[in-house]
Amino acid sequence: EPAKPVSRGAFIVVEGLDRAGKSTQVKKLCDRLYAEGHNVKAIGFPDRTSPIGKMISSYLKCQTEMDDHAIHLLFTTNRWEKAQWVKDQIAHGYTLICDRYYYSGIVYSAAKRLPSLSLAWARQPEVGLPRPDRVMFLDLDPEAAVKRGGYGDEKYEKREMQERVRALFLGLLGRGGEESSDLFVVDAGVGVEDVAGSIWGEVGKVVNAVEGGKWLELGS
Ligand code: Z5A
Ligand code: MG
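The text that follows walks through the structure, step by step, so that each part is easy to find. (Residues numbered from 1 in each chain as written. Chains lettered and ligands numbered in written order. Predicted model: local features only at pLDDT ≥ 70, side-chain atom pairs only at ≥ 80, totals over all residues. Heavy atoms only, no water.)

Turning our attention to the side chain of Arg100. Relative to the helices and strands, Arg100 is located in the loop between strand E3 (95-99) and helix H4 (102-110). Buried charged residue Arg100 carries no salt bridge. Nearest counter-charge: Glu15, at 4.2 Å. (Helix = DSSP H or I, 4+ residues; strand = E, 2+ residues; numbered from the N terminus. Buried < 20%, exposed > 50% of the residue type's maximum accessible area, 1.4 Å probe, protein only. Lys, Arg positive; Asp, Glu negative; His and termini not counted. Salt bridge = Lys/Arg side-chain N within 4 Å of Asp/Glu carboxyl O.)

Spelled out as structure tokens, the structure:
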């Protein structure tokens, strides 16, 4: 069906630790935008359906081992293989709500603390990907995350790793540059409806501004 005439769609990312409620909130946000008459689609990374996504999934399930740099580049490639589609959707007036993006990409890889895999190294292959209009960071204490049914069996679902990931995410805010201006922190340690309300308070404004023509180019 044809998109309603808007300047362009918005590109909104939802980030956070494991169990922070990203998938729950992506769904709620899409439902609300749709109910208010916006053309909206949900996407997420890793996209486990492509051949590269299947390799990532196998790595996360601990079925295959891989060099830390190699898996980092696969996560990045998994975004690049969708980049043109993202641009096309936005140009056609669809607002995209994306469950994880390159912020997770750089932070999880750097949290492995290899001497050669710094945040700066991890950021390089992501340079040039469509930059979101806003990134909602759902902040949750790993202790609270454990209470939500605990972690699963995937590669990074361990307390110490989650602590380092959180510190790196919060550290991005103080680093200056694009990442710190993109991120908007939301307290994810409260009820589902309260988190949804905080997200809406920011995203509602951004989507209406973007669709109304305030920021014509992505990443501006
Ligand atoms: N990774 C990477 O290394 N590099 C990359 O470039 C990318 C990712 C993109 C897989 O991610 C792993 O890949 C991930 C990062 C790494 N590793 N870790 N950790 P994924 O996205 O496939 O999986 P996930 O998002 O980490 O896990 P998740 O369990 O899907 O988390 P979530 O989406 O944030 O949470 P949820 O499913 O909405 O909610 C979790 C539970 O909490 C569920 O029972 C809810 O009912 C409950 N919940 C939700 N909200 C609340 C509130 N407000 N209160 C109480 N309970 C709640
Ligand atoms: Mg999820």
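From this point, things continue past the structure.
With the rule as written, the count across this model stands at 19 salt bridges. With its nearest N and O atoms 3.7 Å apart, the salt bridge here joins Arg131 to Glu178. Here the residue Arg131 occupies a position in the loop between helix H5 (119-123) and strand E4 (134-139), and Glu178 occupies one in helix H8 (residues 177-182), the gap between them amounting to 47 residues. Its relative accessible area of 36% is what places Glu178 among the partly exposed residues. Glu163 serves as the salt-bridge partner of Arg159, at 2.8 Å between the closest nitrogen and oxygen.

In the neighbourhood of ligand 1, 24 residues make up the surrounding shell, with Asp18, Arg19, Lys22, Thr24 and Arg100 lying closest. One of the backbone N or O atoms of Ala20 is found 3.3 Å from an oxygen atom in ligand 1. Look at ligand 1: alone it shows 1,100 Å² of surface, and the protein chains cover 77% of it. Among the secondary structure elements, those contributing two or more residues to the shell around ligand 1 are helix H1 (22-35), helix H3 (68-91) and H4. Considering only residue class, the shell around ligand 1 consists of 10 nonpolar, 7 polar and 7 charged. (Near = heavy atom within 4 Å. Polar contact = N/O pair within 3.5 Å; in protein donor to acceptor, adjacent residues only side chain to side chain. Areas by Shrake-Rupley, 256 points an atom, 1.4 Å probe, with all protein chains shown as cover. Nonpolar A, V, L, I, M, F, W, Y, C, P; charged D, E, K, R; others polar.)

This part covers the packing of helix H2 (residues 51-60) against H3. The N-to-C vectors of H2 and H3 enclose an angle of 140°; their axes lie 9 Å apart at closest approach. In this view, H2 runs oblique relative to H3, as classed from their interaxial angle. For H2 against H3, the interelement crossing comes out left-handed. Here Ile52, Gly53, Met55, Ile56, Tyr59 and Leu60 of H2 come into contact with H3, specifically with Asp68, Ile71, Leu74, Phe75, Thr77, Asn78 and Glu81. Among the residues forming the contact of H2 with H3, the class breakdown is 8 nonpolar, 3 polar and 2 charged. (Axes fitted to C-alpha atoms, helices over the stretch in contact; angles between N-to-C directions. Parallel < 35°, antiparallel > 145°, perpendicular 65-115°, else oblique. Left-handed = near helix turned anticlockwise from the far one by under 90°. Contact = heavy atoms within 4.5 Å.)

Turning to the environment of Val203, a few remarks are in order. Position of Val203 among the secondary structure elements: in helix H9 (residues 192-211). Classification of Val203 by relative accessible area gives buried; the value is 0%. Considered as a pair, Val203 and Leu33 are 170 residues apart in the sequence and their alpha carbons are 9.6 Å apart. Beyond its immediate stretch of four places on either side in the chain, Val203 contacts Ile12, Leu29 and Met136.

A few words on the pairing of E3. Burial analysis of E3 places 5 of its 5 residues in the buried class, which makes it a mostly covered element. What you see with E3 is no split at all: Thr95, Ile97 and Asp99 on one side and Leu96 and Cys98 on the other are buried throughout. Note that strand E1 (residues 11-16) and E3 share 4 bridges and pair parallel. Bridged to Val13 within E3 is Cys98. Pairing of strand E2 (residues 40-44) with E3 involves 5 bridges; the strand directions are parallel. Paired with Ile43 across the strands is Cys98, a residue of E3. (Pairing = 2+ DSSP bridges.)

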